[in-house]
Amino acid sequence: MQKFFSNKKLIILMLIIIVTFGLLAVSVNIKDKKSTPPVVQQVGNDTVSIVGGIFAYPTNAVKNATSEFSDLYNTYTENRRLKAKIGDLAQNQARLKVVQEENKKLKEELKLNATLTDYSSVNASVLSRSPSSWQNYLTINRGQTSGLKKNMPVMSGKGLIGRIVEVDKISSKVELISTNNELNDKFAAEIQSTNKNITGVISKYDSDSGDLVMENVTSTKDIKKGQKVITSGLGGVTPRGLYIGKVSSVKKDNYGMTNSVYIVPAAEMRNFTVVTVIKSSVSGEE
Amino acid sequence: MNVKTRKITGQVILALLAFYLDGLMKWSFLNNMNTGDIIIVPQLMLMVMVMLSMRISTRRQLILYGVIFGLIYDSYYFGLIGLYTILLPLAMVGVDHYKFLFVKANMGYEISIYFLALTFVQSGVYILERLLQQINVNAMDFITFTLGPTLLWNMIVFFILYIPLANLSDWLVKYRRDSK
């Protein structure tokens, strides 16, 4: 016995292995099961994020400036294209207002307080992105005190970019929709086609083309290129009607068994510094 | 405040600066969210840690730095504790252990040590995350699309930053000479 424990290096190696797997197993379990990390970790992350804000604001300012410069470059062609759309938009806005009021009255009639389409939102600015190969996390400067909870969807400007995976007191982590992770939660989505809406699940990300892949589609008959894809609100975590992107193609998988719909994401994933967190009014079952 | 405390504060501030720069660099211009398979991971903090381990002779201080900064790194960026917390001090102790082989620290030695440390840490993170089923990337894809570009990018950055960084860390570590 004495001889066995006399080798100091072996014992150190053994301890390192035990500590590594112990720490990792505990933190993976906490991440999967609890809605928030332990208080010590929350306070630590918040402290780091406050100091990080000092570095993030100038970076975001530069980022905004460069994106404004490239915007300026495209202004002329964009302006012509947008002018054509503007008449349409005004008409749609007027119609939307009427429909919203009508909807509100009808809901009151039916005594519906909140439906899948109701939500409120919180704006947050991005502090940093994880320098990691697979954890596609953004750190944002809002947390529990602003009413954020785990699994809330996050949008940036035009479309959906991901969902919250960890909430601290005044900061939180957002996992991007482009994460190719089998274990992460999927988004229930639907394609708005002419006849009926086709539902499915956005489950993968194709890194070659930068497209999102929608699987478990009910039928592919009516799917055409350019149709809009929104969240379906099924599952209860994500409200209905958040814009995800447009259909680019329908492909069969390698075995020819199932159909996958490829979607070009609407959110421009490069140049944004502010994100919007969507708080659903209807909460799903835990 | 005596010179030693001041120098240690300087070392901590340098490491923290590198820590924040890692996240900001990834966010501001290595932000390939929409397209591309290639993933580049900036590892400036590891760079600073390797430079410091080449110069600091007390192993206890190195392990302390490694554990503390590794813990912050894991908690803030990964949300998983146990990756950098273990790998960073191990890499630093490894550098400390074999640095007697080098008579005089020059750029060639330090760049190759950083190369080895980076390979060790990145592969360690990959293996641990793979074991815990956090990712489903196969080893070939990891080497081609992640490890290779990451090594290349960080080598270039190390090459550019070597002279200021080496002088700065020399100055931050040698406090005995100043106090006398």
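Residues numbered from 1 in each chain as written. Chains lettered and ligands numbered in written order. Predicted model: local features only at pLDDT ≥ 70, side-chain atom pairs only at ≥ 80, totals over all residues. Heavy atoms only, no water.

### A word on the packing of helix α2 (residues 44-55) of chain B against helix α6 (residues 139-173) of chain B
Relative placement of two packed helices is described by the angle separating their axes and the distance separating the axes.
Residues and elements named next belong to chain B.
Alright, step 1. One way to put it is that α2 packs onto α6 with a least axis distance of 10 Å and a crossing angle of 45 degrees. It follows that α2 is oblique to α6 by the angle criterion. The way α2 lies across α6 gives a crossing that is right-handed. Taken together, the residues of α6 that come into contact with α2 (itself represented by L44, M47, V48, M51, L52 and R55) are N154, V157, F158, L161, Y162, L165, A166, S169, D170 and V173.
Alright, step 2. Of the residues that constitute the contact of α2 with α6, the class distribution is twelve nonpolar, two polar and two charged. (Axes fitted to C-alpha atoms, helices over the stretch in contact; angles between N-to-C directions. Helix = DSSP H or I, 4+ residues; strand = E, 2+ residues; numbered from the N terminus. Parallel < 35°, antiparallel > 145°, perpendicular 65-115°, else oblique. Left-handed = near helix turned anticlockwise from the far one by under 90°. Contact = heavy atoms within 4.5 Å. Nonpolar A, V, L, I, M, F, W, Y, C, P; charged D, E, K, R; others polar.)

### A few points about the UniProt feature "transmembrane region" (unreviewed entry) in chain B
All names here are of chain B.
Alright, step 1. If you check UniProt for "transmembrane region" (unreviewed entry), the listed places come out as residues 12-29, 35-52, 64-91, 111-128 and 140-163 in our numbering.
Alright, step 2. Structurally, residues 12-29 comprises 94% helix and 0% strand, and the distance from its first C-alpha atom to its last is 26 Å.
Alright, step 3. Along residues 111-128, the helical share is 100% and the strand share 0%, with 26 Å between the first and last C-alpha atoms. (UniProt positions renumbered as here; feature names shortened; annotations may be inferred.)

### Description of the confidence of the model for chain A
Alright, step 1. Averaged over all residues, the pLDDT of chain A equals 82, while 92% of them reach at least 70.
Alright, step 2. No element of chain A has a lower mean pLDDT than helix α1 (residues 2-6) of chain A, which averages 60, and none a higher one than strand β2 (residues 137-140) of chain A, which averages 89. (pLDDT = per-residue confidence, 0-100.)

### Structural notes on a positive patch on the surface
Alright, step 1. Together, R81, K85, K228 and K246 of chain A give the surface a local cluster of positive charge.
Alright, step 2. For R81 of chain A, the position within the fold is in helix α3 (residues 39-110). (Patch = residues over 30% accessible without salt bridge, like charges linked within 9 Å, V, L, I, M, F, W, Y side chains within 5 Å. Areas by Shrake-Rupley, 256 points an atom, 1.4 Å probe, with all protein chains shown as cover. Salt bridge = Lys/Arg side-chain N within 4 Å of Asp/Glu carboxyl O. Lys, Arg positive; Asp, Glu negative; His and termini not counted. Charge placed at Lys NZ, Arg CZ, Asp CG, Glu CD.)

### Some points on the pairing of strand β7 (residues 198-206) of chain A
Residue and element names in this part refer to chain A.
Alright, step 1. Of the strand pairs in this sheet, strand β6 (residues 187-192) and β7 are connected by five bridges, and their pairing is antiparallel. Bridging across to β7, I191 finds its partner in I198.
Alright, step 2. Hairpin connection between β6 and β7: a loop of five residues separates the two successive antiparallel strands.
Alright, step 3. Of the pairings in the sheet, the one linking β7 to strand β8 (residues 211-215) comprises five bridges and is antiparallel in character. Paired with K204 across the two strands is V213, which belongs to β8.
Alright, step 4. As consecutive antiparallel partners, β7 and β8 are separated by four residues, and within that stretch G210 has a phi angle of approximately 75 degrees, a positive value. (Pairing = 2+ DSSP bridges.)

### Digging into the sheet that holds strand β1 (residues 119-129) of chain A
For sheets, the rule is that strands pair by backbone hydrogen bonds, running either parallel or antiparallel.
All names here are of chain A.
Alright, step 1. Read around the barrel, six strands follow the order β1-β2-β5-β4-β3-β12 and close on themselves; strand pairing throughout is antiparallel. When strand polarity is set aside, the average angle formed by the axes of neighbouring strands in this sheet is 45 degrees.
Alright, step 2. Both β1 and strand β12 (residues 274-280) contribute to a ladder of seven bridges, which runs antiparallel. From the neighbouring strand, N123 faces β12, where its bridge partner is T276.
Alright, step 3. On top of the sheet, α3 reaches β1, β4 (159-167) and β5 (172-176); it is set at about 80 degrees to β1, its chief contact.

### Here's the deal with the interface of chain A and chain B
Interface size is commonly expressed as the accessible area that is lost once the parts come together.
Alright, step 1. Taken together, the contact pairs 52 residues of chain A with 47 residues of chain B.
Alright, step 2. Taking both partners together, chain A and chain B bury about 4500 Å²; carbon and sulfur atoms supply 61% of that area.
Alright, step 3. By the criterion of area lost to chain B, the three top residues of chain A are R129, P131 and W134 of chain A, representing 19% of everything that side buries.
Alright, step 4. Joining chain A to chain B, the criterion identifies zero salt bridges. (Buried area = accessible area lost by both parts, 1.4 Å probe.)

### Some remarks on the sheet that holds β7 of chain A
Alright, step 1. Taken in spatial order, the six strands line up as β6-β7-β8-β11-β10-β9 (chain A) and close into a barrel, and their pairing is antiparallel. The sheet shows a mean angle of 45 degrees between the axes of neighbouring strands, direction not considered.

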